[in-house]
Amino acid sequence: MATDSAKTTISDEEVRRLQGIAKELRLYDIASIYAATSGHPGGTLSIIDIETVLYFHVMKHKADNPTWPERDRIYWSAGHKAPALYVALAKAGYFKMEEAMCLRQFGSPCQGHPNCLELPGIEMSSGSLGQGLGIAVGSALSARIDGSNHRIFCIMGDGEQQEGSVWEAAMSAAQFKLDSICAIVDNNRLQIDGRTVDVMNIEPIADKYKAFGWHVIECSGHDMRELANAFAEAAATKGQPSVIIAATVKGKGVSFMEDQVGWHGQAPKKEQFEAAAKELLSDAITEGKLTELLGYAANRACNATKRAKTKVPTFGKDYWWNSEDRMKVDMDPTRMGFGRQLAQCGNNPRVVTLHADISNSICITDFEKADSCRQDRVFSVGIAEQNMMAVAAGLAREGKIPITGTYGVFAAGRCWDQIRTSICYANLNVKIAGAHGGISVGPDGATHQALEEITLMAILPNMHLFVPADSVETAKATCMSINTIDGPVYIRYAREATPIVTTEATPFIYGKANVIRYRGAQPRFIDAFETVSAESYKNENEDLTIVACGPMVPEAMRAAYILKEEYGLETRVINVHTVKPLDHDALKKAAGETGAVLTAEEHQVGGFGNLVAASILGNVTKPVAFDMVGVMDRFGESGQPWELMQEFGLTAEHVAVKAQSLLKKKS
């Protein structure tokens, strides 16, 4: 319980100082998001008064000695609020403010979500919600063992309270009587899908923490004096952890952003930023200083793009997408294909959808947008992916066809055990949309870039795995998974617009790959290729085979174009849209007939490639030259999607170079 010393005296002068710092940080924050053209203005603006009191009034820390053993620890469980964290650290002197302005740029340490290996002052990498409080518990236990008396803070969002892992950590913190912990809930009452009370109500949040054995302090998250007193009360509380539930306004400080759900993850346009800057400019940050910072960020972004391009092998001419007068291609995000087909399949009364707070982004909301009468078959579980899969299993057990969806990194990873035990073991008819797969999510960075799902899903018995090449194939895979396949299905699709390389007439047979052959340059890229089902393909004695899935299929096609135009080489491209079950016959035939197989995946190398290799080794008796293109055992990073394709060696140019090397092995 709290002692009599729970209140602190904070002078009016100190309040004004903190208010001035907070105003500066708000302008730096919104400027960095504007420069990045992506980010989370709403939640970063709501947390700034809290972080100001923490970093500039409460915490023990040293910018010139970030690993000082006696420092207080702070864990940002709400990693998407990273822009606010970066500008606070910069203001505190950990690095220059210019660095914070390079938010989400390729090569910048200020990643879309915090990376403790890149920047001083960050205690732990974060981005997947619901993990920070458990980390704080471990940190507090270590401090107890070492006899250290430093404080441990954990910043969480209110929507984050929907994650079950938060309550596991809350239970353990109380059980261990960790009074060094002070959790902060940024209670702005909004999340991506709407008001928290409507998405998945967390109230009465104070009573819930009390029931778990916590000392609860409720205050305004924008009143410096109330916040200072709240932190003092938490420090004076012994025998139990404390939580400050801070009532805040999302978008605080920018009038047109305040309490507006649309500003959760949307960067301001030029006019909007200029309007916001007018409200936040002060003697501390002049218009000239702001222009200088934005100029620095723009110049660095330009250099980053140039640097990424230097990673791309060069040939006799530029073969990059739409760089020529011929071979033009249309682009469309694969997620759009999922949404369009879901809207059509929604008339089946057995189909229900489950939302996990990024619904509109992954296009699962196209289901109810097509017909408002379907609303009674839409269920939001909030930020609770594990529960979503368990609920889906229950629905499927009763004969419904549940469609679940979230970022692939969460869909495949966070709830893998629920998928394994509750869905696959029972062979239940659950459909999983693994959205924003690969590095196409771009600026969000490593925590949101799924590069492991093919391995995680393909290894599960009873699972069916689609990795479509474009939005057209994504629609076909969605239709097939709902209307044809009775059992678990995982569809991996991307966020960024990618080339359309198939049509409605292109074969799409479950479990059967397609063979794609370059026939000669045309005005339209798609017309330069002939695509047939692998079952009906006749050997043309090609020099090699490129086996690809997902967005690497267009790159493999472009590589075939480069290899023919530059070196006169003939390439058999195999589009494996159905990764499980795998088309062993097509792979056996290609390996035996061409003698050289190169796999291409936008994934940790081998996730797809090892499946292909195992198939070939089990079916072909003659020697085959084999190699793989993929992400080489590393996490992703922030950057524009095409910059990352270049950095990670996933472009057609890289595939063509690897193909040439492979042919040397063959010879």
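Just so you know, the residues in each chain are numbered from 1, in the order the chain's sequence is written. Totals for whole chains, interfaces and linings use all residues, but because this is a predicted model, local features are given only for residues with pLDDT of at least 70 and pairs of side-chain atoms are given and counted only at 80 or more. Excluding hydrogens and water, the side-chain values take into account all heavy atoms of the structure.

A. Focus on the overall build of the chain. When you go through the chain residue by residue, the secondary structure sums to 24 helices and 22 strands. Each principal axis of the C-alpha distribution contributes one length, and for the chain these read about 85 × 60 × 50 Å. By residue count, 61% of the 667 residues in the chain fall in the buried class. Note on areas: these come from Shrake-Rupley sampling with a 1.4 Å probe, and a residue is covered only by the protein chains present in the view. Roughly 24800 Å² of accessible area belongs to the chain as shown, and the carbon and sulfur atoms make up 51% of that amount. Side-chain charges of the chain comprise 67 positive and 80 negative groups, with the mean position of each set lying 3 Å from the other. Secondary structure elements follow DSSP: runs of H or I of four or more residues count as helices, runs of E of two or more count as strands, with numbering from the N terminus. The classification of residues rests on relative accessible area computed with a 1.4 Å probe and restricted to protein chains. Under 20% of the type maximum is buried, over 50% is exposed, and intermediate values are partly exposed. When charges are counted, neither His nor the chain ends are considered; positive counts come from Lys and Arg and negative counts from Asp and Glu. Taken as the charge centre is NZ of Lys, CZ of Arg, CG of Asp or CD of Glu, depending on the residue.

B. Highlighting the packing of helix α1 (residues 12-36) against helix α2 (residues 41-58). Inter-axis angles, ranging from 0 to 180 degrees, are taken between N-to-C directions of lines fitted to C-alpha atoms, where helices are fitted over the stretch in contact. Contact pair α1 / α2: the axes reach a minimum separation of 9 Å and the direction vectors enclose 140°. With respect to each other, α1 and α2 are oriented oblique. Crossing hand, α1 versus α2: right-handed. Packed against α1, whose contacting residues are Glu-14, Arg-17, Leu-18, Ile-21, Ala-22, Leu-25, Arg-26, Asp-29, Ile-30 and Ile-33, the element α2 presents Pro-41, Thr-44, Leu-45, Ile-48, Asp-49, Glu-51, Thr-52, Val-53, Phe-56 and His-57 at the interface. In this count, Pro and Cys sit with the nonpolar residues alongside Ala, Val, Leu, Ile, Met, Phe, Trp and Tyr, while Asp, Glu, Lys and Arg are called charged and the others, Gly among them, polar. For the contact of α1 with α2, a count of residues per class yields 11 nonpolar, three polar and six charged. We call two directions roughly parallel when the angle between them is under 35 degrees, roughly antiparallel when it is over 145, roughly perpendicular when it lies between 65 and 115, and oblique otherwise. Two helices that cross are described as forming a left-handed crossing if the nearer one is turned anticlockwise from the farther one by less than a right angle, and a right-handed crossing if clockwise. Any two residues having at least one pair of non-hydrogen atoms within 4.5 Å are treated as being in contact.

C. The pairing of strand β19 (residues 571-575), seen in detail. Burial runs high along β19: five of the five residues are buried. Should DSSP find at least two bridges between two strands, the strands are taken to pair. As defined by bridge partners, strand β16 (residues 514-518) adjoins β19 across four bridges and the pair is classed as antiparallel. Residue pairing in the sheet places Asn-514 in a bridge with Asn-575 of β19. A clockwise course of the path from the first strand over the helix to the second, judged with the strands pointing away from the viewer, identifies a crossover as right-handed. Since strand β18 (residues 544-548) and β19 lie parallel, the crossover through helix α20 (residues 552-567) that links them has a hand, and here it is right-handed.

D. Structural context of the nonpolar core. In these notes, a set of buried Ala, Val, Leu, Ile, Met, Phe, Trp, Tyr and Cys residues joined through side-chain atoms within 4.5 Å is what counts as a nonpolar core. By size, the foremost hydrophobic cluster in this structure holds 67 residues, and its most contacted members are Leu-54, Tyr-55, Tyr-86 and Phe-231. Those residues in contact with Tyr-55, other than ones at most four positions away along the chain, are His-61, Ile-74, Trp-76, Leu-85, Ala-88 and Leu-89. In this structure, Leu-544, Met-557, Ile-562 and Ala-656 belong to the second largest nonpolar core, which totals 47 residues.

E. Seen up close, helix α3 (residues 82-92). In terms of residue burial, α3 counts as a mostly covered element, since nine of its 11 residues are buried. Restricting attention to buried positions, one finds in α3 the residues Ala-82, Pro-83, Ala-84, Leu-85, Tyr-86, Val-87, Ala-88, Leu-89 and Ala-90. Structurally, α3 contributes buried residues whose contacts are with α1, α2, β1 (73-76) and α4 (97-100).

F. Broad picture of the environment of Thr-594. With respect to the secondary-structure elements, Thr-594 resides in helix α21 (residues 584-594). Along the chain, Thr-594 and Ala-625 lie 31 residues apart, while their C-alpha atoms are 9.4 Å from each other. In contact with Thr-594, other than residues within four places in its own chain, are Glu-542, Asp-543, Leu-544, Thr-545, Arg-572 and Lys-666. N or O atoms closer than or at 3.5 Å make up a polar contact, with two conditions inside protein: a donor-capable atom paired with an acceptor-capable one, and, for residues adjacent in sequence, both atoms drawn from side chains. At 2.7 Å, the side chain of Thr-594 forms a polar contact with the backbone oxygen of Ala-590.

G. Region of the structure containing the packing of aromatic side chains. Working definition: rings of Phe, Tyr and Trp (its six-membered ring) pair if their centres are within 6.5 Å, and the pair is stacked with planes under 30 degrees apart, edge-to-face with planes over 60 apart, and tilted otherwise. Going through the model one piece at a time under the given rule, you end up with 18 aromatic pairs. Pairing Phe-256 with Trp-263 gives two aromatic rings, centres 5.9 Å apart and planes at 65°, and the pair type is edge-to-face. Here Phe-256 falls in the partly exposed class, since its relative accessible area comes to 29%. One aromatic cluster is present, built from ring pairs that chain together Phe-315, Tyr-319, Trp-321, Tyr-518, Phe-525, Phe-529, Tyr-561 and Tyr-567. Over the aromatic face of Phe-367 sits the side chain of Arg-374, whose NZ or CZ is 5.3 Å from the ring centroid. Only when the NZ atom of a Lys or the CZ atom of an Arg is both within 6 Å of the ring centre and within 35 degrees of the ring normal do we say a charge sits over the ring.

H. View of the sheet that holds strand β11 (residues 401-407). The mixed open sheet is built from seven strands, whose spatial order is β10-β9-β11-β12-β14-β13-β20. Two strands in the sheet have a free side with no partner beyond their single neighbour: β10 (378-380) and β20 (578-580). Within this sheet the neighbouring strands show an average axis-to-axis angle of 20°, counted without direction. In the sheet, strand β12 (residues 431-435) pairs with strand β14 (residues 489-492) via four bridges, with the strands oriented parallel. Note that in β14 the partner of Ile-432 across the bridge is Tyr-490.

I. Highlighting the packing of α1 against helix α11 (residues 287-309). As a packed pair, α1 and α11 sit with axes 10 Å apart at the nearest point and diverge in direction by 35°. By crossing handedness, the relation of α1 to α11 is classed as right-handed. For the pair α1 and α11, contact is made by Leu-27, Tyr-28, Ala-31, Tyr-34 and Ala-35 and by Leu-290, Leu-293, Leu-294 and Ala-297, respectively. Partitioning the contact of α1 with α11 into residue classes produces nine nonpolar, no polar and no charged.

J. Quick peek at the pattern of salt bridges. Here a salt bridge means any side-chain nitrogen of Lys or Arg lying within 4 Å of a carboxyl oxygen belonging to Asp or Glu. Taken as a whole, this structure holds 32 salt bridges when the rule is applied. Here Asp-444 and Arg-104 are joined by a salt bridge, their closest N and O atoms 2.7 Å apart. With a gap of 340 residues between them, Asp-444 in the loop between β12 and α18 (453-458) and Arg-104 in the loop between α4 and α5 (132-146) connect regions that are remote in the sequence. Judged by relative accessible area, Asp-444 falls into the buried class, the value being 10%. Here the salt bridges do not stand alone but share partners, grouping Arg-517, Arg-519, Glu-530, Glu-540, Glu-542, Lys-564, Glu-570, Arg-572 and Glu-593 into one network.

K. Inspection of the sheet that holds strand β7 (residues 242-247) at higher detail. Spatial ordering of the open sheet is given by β1-β2-β3-β7-β6, a layout of five strands whose pairing is parallel. Unpaired on one side and paired on the other, β1 and β6 (215-220) mark the two borders of the sheet. Recorded for the sheet is a direction-independent mean angle of 20° between the axes of neighbouring strands. Bridge count between β6 and β7: six bridges; the pairing is parallel. Within β7, the position partnered with Ser-220 by the bridge is Ala-247. Contacting β1, β2 (152-157) and β3 (181-187), α5 runs over the sheet at an angle of about 175° to β2.

L. Inspection of α5 at higher detail. For α5, spanning 15 residues, the distance from its first C-alpha to its last is 21 Å, which sits close to the expected 21 Å at 1.5 Å a residue. Every buried residue of α5 is listed here: Gly-132, Leu-133, Ala-136, Val-137, Ser-139, Ala-140 and Ala-143. Each buried residue of α5 sits inside an arc of 170° when the element is viewed along its axis, so together they form one side. Relative to its buried face, α5 has exposed residues pointing more than 90 degrees away, namely Ile-145 and Asp-146. The secondary structure elements touched by the buried residues of α5 are β1, β2, α6 (164-175), β3 and α8 (205-211). Once α5 finishes, Gly-147 follows within two positions and takes phi at roughly 70°, a positive value. What a helix should span is 1.5 Å times the count of its residues minus one. Think of it as the arc spanned by the lines of direction from the helix axis to the C-beta atoms.

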